[in-house]
Amino acid sequence: MATPFRYVDFAWICNAVYERSIFRATGGFVRSGMIVEQKISGFQGAVFKRGNGSGIDWVIAITGTQPTEGYGVDVVADLGFGGNLSPIATLSTALLSAQCACATAMLKTVRGVASRNDRIVITGHSLGGGVAQIVGAANSIAALAISAPAVTAVEGVFATWQKNQPQIVCLRVRNDPINHTDMLGSVLGRTVWLESPRTGGDAHSIEKTAIELSPHGQFTTLGQSDPFAVSA
């Protein structure tokens, strides 16, 4: 039987992808040689993998907004989740599309080397979680988005998700400011709430979410569960 995925593993992977120096996450996952950066769009992602019985588990992980890098293009890409409501819709939509294209290219590469016994999922925090939802929906890949924005204001996204119906789970921290994007639309798939007392920027911290999901953390039971299990 394959080792189940766990919320805590995804959280630590999402934390690790921000730093090139972090090669190992929990659950036996290690960073593979595939690290992708695109300065023009602000995209940054990496692939983590682990052996799992007769196959390999591949996790494509995407960073969130990094406003101090790349002249703040991530911030502009964030506005793309507002669709035509963005004050600079043409530019923000183009940057968000470029980030999604980078993640899709990573997925294509992984699919090219994966065997039929392998499992492939996509994850991301914040902006990366939004991209994970969109790319997962478009490519019928299971996705776990953590502290991610609403995405249905992006043209065609909801219809694509309805057509393909991949498993998408959005882990959201109750007091996270990013939840205000619900005024523009909604996240995809199933929402799981982390009832953390954190507020403001602390509520959006992926490291603090990972700590709360870890053993001895406040939400370790959730952390040990599989987001893609039918009964979860």
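Look up: the structure comes first, before these words.
This structure is a prediction, so every number in the text was calculated from the model and none was measured.

**Student:** Where do I start with the pairing of strand E2 (residues 43-52) in this structure?
**Tutor:** For a regular strand, the rule is simple: side chains alternate between the two faces of the sheet. Taking burial as the measure, the 10 residues of E2 include eight buried ones, the bulk of the element. Bridge count between E2 and strand E3 (residues 55-62): eight bridges; the pairing is antiparallel. Within E3, the position partnered with Ala-46 by the bridge is Ala-61. What sits between E2 and E3 in their antiparallel hairpin is a turn of two residues, with Gly-53 showing a positive phi close to 65°.

**Student:** How do you make sense of helix H4 (residues 127-139) when you look at a structure like this?
**Tutor:** Along an α-helix, residues three or four positions apart point the same way, because every turn accommodates 3.6 residues. With 13 residues, H4 should cover 18 Å at 1.5 Å per step; its first-to-last C-alpha distance of 18 Å lies within 8% of that length. In terms of burial, H4 is a largely internal element, 12 of the 13 residues being buried. Taken as a whole, H4 has its buried residues at Leu-127, Gly-128, Gly-129, Gly-130, Val-131, Ala-132, Gln-133, Ile-134, Val-135, Gly-136, Ala-137 and Asn-139. Ser-140 occupies a position one or two residues after H4 and carries a positive phi of about 55°.

**Student:** Please explain the side chain of Asp-118 as it appears in this structure.
**Tutor:** Tracing the sequence through the fold places Asp-118 in the loop between helix H3 (89-113) and strand E4 (119-125). Although Asp-118 is buried, it makes no salt bridge; Arg-119 carries the closest opposite charge, 8.5 Å away. A polar atom in the side chain of Asp-118 sits 2.7 Å from the backbone nitrogen of Ile-56.

**Student:** What exactly am I supposed to notice about the packing of H3 against H4 here?
**Tutor:** What describes two packed helices is the angle between their axes and the distance between those same axes. Viewed as axis vectors pointing N to C, H3 and H4 meet at an angle of 60°, and their least axial separation amounts to 9 Å. The angle between the axes of H3 and H4 places the two elements in the oblique class. Viewed along their axes, H3 and H4 form a crossing whose handedness is right-handed. Residues Leu-96, Gln-99, Cys-100, Ala-103, Thr-104, Leu-107 and Arg-111 of H3 lie in contact with H4, whose contacting residues are Leu-127, Val-131, Ile-134, Val-135 and Asn-139. A breakdown of the residues in the contact of H3 with H4 according to their chemical character gives eight nonpolar, three polar and one charged.

**Student:** How do you make sense of the environment of Gly-156 when you look at a structure like this?
**Tutor:** Within the secondary structure layout, Gly-156 lies in the loop between strand E5 (142-146) and helix H5 (157-164). Between the C-alpha atoms of Gly-156 and Ala-138, which are 18 residues apart in sequence, the distance is 9.6 Å.

**Student:** Help me understand H3, please; the structure alone is not making it clear to me.
**Tutor:** Taking 1.5 Å of rise per residue, the 25 residues of H3 would be expected to cover 36 Å, and the 36 Å separating its terminal C-alpha atoms lies within 8% of that figure. Residues Ala-89, Ser-92, Leu-95, Leu-96, Gln-99, Cys-100, Cys-102, Ala-103, Met-106, Leu-107 and Val-110 constitute the buried set of H3.

Thresholds, definitions, all that
Residues numbered from 1 in each chain as written. Predicted model: local features only at pLDDT ≥ 70, side-chain atom pairs only at ≥ 80, totals over all residues. Heavy atoms only, no water. Buried < 20%, exposed > 50% of the residue type's maximum accessible area, 1.4 Å probe, protein only. Helix = DSSP H or I, 4+ residues; strand = E, 2+ residues; numbered from the N terminus. Pairing = 2+ DSSP bridges. Expected span 1.5 Å × (residues − 1). Lys, Arg positive; Asp, Glu negative; His and termini not counted. Salt bridge = Lys/Arg side-chain N within 4 Å of Asp/Glu carboxyl O. Polar contact = N/O pair within 3.5 Å; in protein donor to acceptor, adjacent residues only side chain to side chain. Axes fitted to C-alpha atoms, helices over the stretch in contact; angles between N-to-C directions. Parallel < 35°, antiparallel > 145°, perpendicular 65-115°, else oblique. Left-handed = near helix turned anticlockwise from the far one by under 90°. Contact = heavy atoms within 4.5 Å. Nonpolar A, V, L, I, M, F, W, Y, C, P; charged D, E, K, R; others polar.

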